[in-house]
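# Summary of the model geometry
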Amino acid sequence: MKPVIESVCEKYDLLPLKENGYQITKEFLLSVIEICVEFIKKSNDRSTKVLDFHQPDQLMQVFDFAIPDEPQNLDQLLVDCKDTLKYQVKTAHPHYFNQLSCGLDIVSLAGEWLTAAANTNMFTYEIAPVFILMEHFVLKKMREIIGFPNGDSILAPGGAISNLYAVIVARHAMFPEYKTKGLKALPQLVLFTSEHSHYSTKGAGATCGFGTDNVVEVPCDFNGRMIPDELERLVKQAIAKGHRPFFVNCTCGTTVLGAFDPINPLADICEKYNMWLHVDAAWGGGCLLSPKHKHKLAGIERARSVTWNPHKLMGSLLQCSTGLLIDCNQMCADYLFQQDKHYDVRFDTGDKVIQCGRHNDIFKLWLMWRSKGVSGYVKHIDHLFDMTQYMVKKIKEKSDQFYLIWEEPECVNVCFWYIPKRLRNVAHTREREEELGRITAKLKGRMMNAGTLMISYQPLGDKPNFFRNIISNPGVKEKDIDFMLAELDRLGHDL
Ligand SMILES: *Cc1c(COP(=O)(O)O)cnc(C)c1O
Ligand SMILES: *[C@@H]1O[C@H](CO)[C@@H](O)[C@H](O)[C@H]1NC(C)=O
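You'll find the protein chain entered in an unreviewed UniProt entry as Glutamate decarboxylase-like protein, with Dinothrombium tinctorium given as the organism. Recorded in UniProt for the protein chain, the comment headed Cofactor (unreviewed entry) runs: "pyridoxal 5'-phosphate". A UniProt comment under Subunit (unreviewed entry) is attached to the protein chain, and it reads "Homodimer."

## Quick look at the packing of aromatic side chains
Here the structure, examined in full by the defined rule, presents 15 aromatic pairs. For the ring pair Phe246 and Phe247, a centre distance of 5.8 Å and an interplane angle of 45° mean the geometry is tilted. Accessibility assignment for this pair places Phe246 and Phe247 in one class, buried. On the basis of an interplanar angle of 85° and a centroid distance of 6.4 Å, the ring pair of Tyr457 and Phe467 is categorised as edge-to-face.

## Section: the UniProt feature "modified residue: N6-(pyridoxal phosphate)lysine" (unreviewed entry) in the protein chain
If you check UniProt for "modified residue: N6-(pyridoxal phosphate)lysine" (unreviewed entry), the listed places come out as Lys312 in our numbering. Considering the arrangement of structural elements, one finds Lys312 in the loop between β6 (305–308) and β7 (321–324). Owing to a relative accessible area of 16%, Lys312 belongs among the buried residues under this scheme. Excluding residues that lie within four positions of it along the chain, Lys312 makes contacts with Leu100, Ser101, Ala282 and Trp283.

## Some points on the site of ligand 1
Every one of the 14 residues lining ligand 1 counts as a neighbour, but Gly159, Ala160, Asp280, Asn309 and Lys312 are closest to it. Between Asp280 and ligand 1, the recorded distance is 2.7 Å, taken from a side-chain N or O atom to a nitrogen atom. At 2.8 Å, a side-chain N or O of Lys312 approaches an oxygen atom of ligand 1. Surface burial for ligand 1 is 85%, taken as the share of its 380 Å² of free accessible area covered by protein chains. In terms of residue count, helix α7 (residues 159–174) provides more of the shell around ligand 1 than any other element does, three residues in total. Split into classes, the residues belonging to the shell around ligand 1 amount to four nonpolar, eight polar and two charged.

Cut-offs and rules
- Residues numbered from 1 in each chain as written.
- Chains lettered and ligands numbered in written order.
- Predicted model: local features only at pLDDT ≥ 70, side-chain atom pairs only at ≥ 80, totals over all residues.
- Heavy atoms only, no water.
- UniProt positions renumbered as here; feature names shortened; annotations may be inferred.
- Phe/Tyr/Trp six-rings, centres within 6.5 Å; stacked < 30°, edge-to-face > 60°.
- Buried < 20%, exposed > 50% of the residue type's maximum accessible area, 1.4 Å probe, protein only.
- Helix = DSSP H or I, 4+ residues; strand = E, 2+ residues; numbered from the N terminus.
- Contact = heavy atoms within 4.5 Å.
- Near = heavy atom within 4 Å.
- Polar contact = N/O pair within 3.5 Å; in protein donor to acceptor, adjacent residues only side chain to side chain.
- Areas by Shrake-Rupley, 256 points an atom, 1.4 Å probe, with all protein chains shown as cover.
- Nonpolar A, V, L, I, M, F, W, Y, C, P; charged D, E, K, R; others polar.

Dropping the structure here:
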């Protein structure tokens, strides 16, 4: 292939207008797809590395990031595409356990490609008729699964934004005068969330003007679940100060431990004190698809808003997240959403969101769900939990090498320390925990340099650094877990 883009103008002619334009276009795109498919093949090959780690200054030396003065030809662009993937971490590799979203669903990927080709914006039915109706159907299905017969929802750019929507909706529903009068119209509102909350809660407190001091962290039990009695005690304390407790954030699947807050007792307290119950099931929401695991979210239908990220346990491509939404952002932007259009304007979604344009996140999820059907998702979710059980069992068998921090994980998070030879058969004291914490960081460094495995780590509460392993790639098999445990020992035994 030797097309050359001689000038910017000609670039616009490249495709069908130019002589041979169609052929050139097709060859170029098929070559890009071939590069992607090659990358996917490598990602699924257990004998390849997960990453080829470079420090930022090294990467700047081996990769050409500069924007050139002159146009580059298509062959060069294909080289650029190849190089980009060469240094990218293979997040679909079965030895990548680092993040809440692991793996790469091929059908969802095809959906993302088609979405990009359609290149539309999700604000009106006028410009995205099929996608808008698709979103309508899938979100209705998700609300039915939660147990919300009425209600409304939207796909938002991530769980953090969905959670922010929940706070805004709650404020509007409970204090509608805020919309026109601002914060002065409100008593001091107080939000409650578990002490293990993801950092974004404080963000909502700051963004919405409640003040981060008014986001109260509720203590958790040993397994990381919010303690209802503690919530009630803190609610009473806020009332005694003359404040108005208004929002309780219940997490189903915490980021580190994967704990599920007990919804029913928290819902009872919310009813008693007239507070809005939000369930952040960004992580754990996928369990609702499995008859065997959905009991973990018992009571979720009592929530008034829910966040659920299909790009996590459900394995859809990034990004795909939903939060319940009602009419609060409707400022009636008539210039965009004329109410006298010739079709049912209830299908225009642009007026419901604080963004203007909205990315099409529905097609990749719809296509993937079609490919699996309801029964396929039961298998998908159950498999992730079966693999987690297998890992827990293996770790317990090797208790000289691994220290399991929470013995009965509720989600697919497994938290543990690796124990090198010199610390085996040593009493488990505070000093040993601190030493294991230091070893965790060193072992992660060795892992990255070897490029054979990726598992993330962090401290939590009084626990120094420990590994948090995630099994959310349905391609993970028992042999991958065997490999992981053996590889940790190979890399770390002499630390
Ligand atoms: C991942 C996660 C979020 C944030 O979701 P993003 O899509 O990354 O914005 C919020 N809450 C919980 C519990 C999560 O696991
Ligand atoms: C609720 O808690 C979750 C995780 O524990 C956090 O991510 C989220 O930001 C919180 N949301 C709100 C609205 O407080």
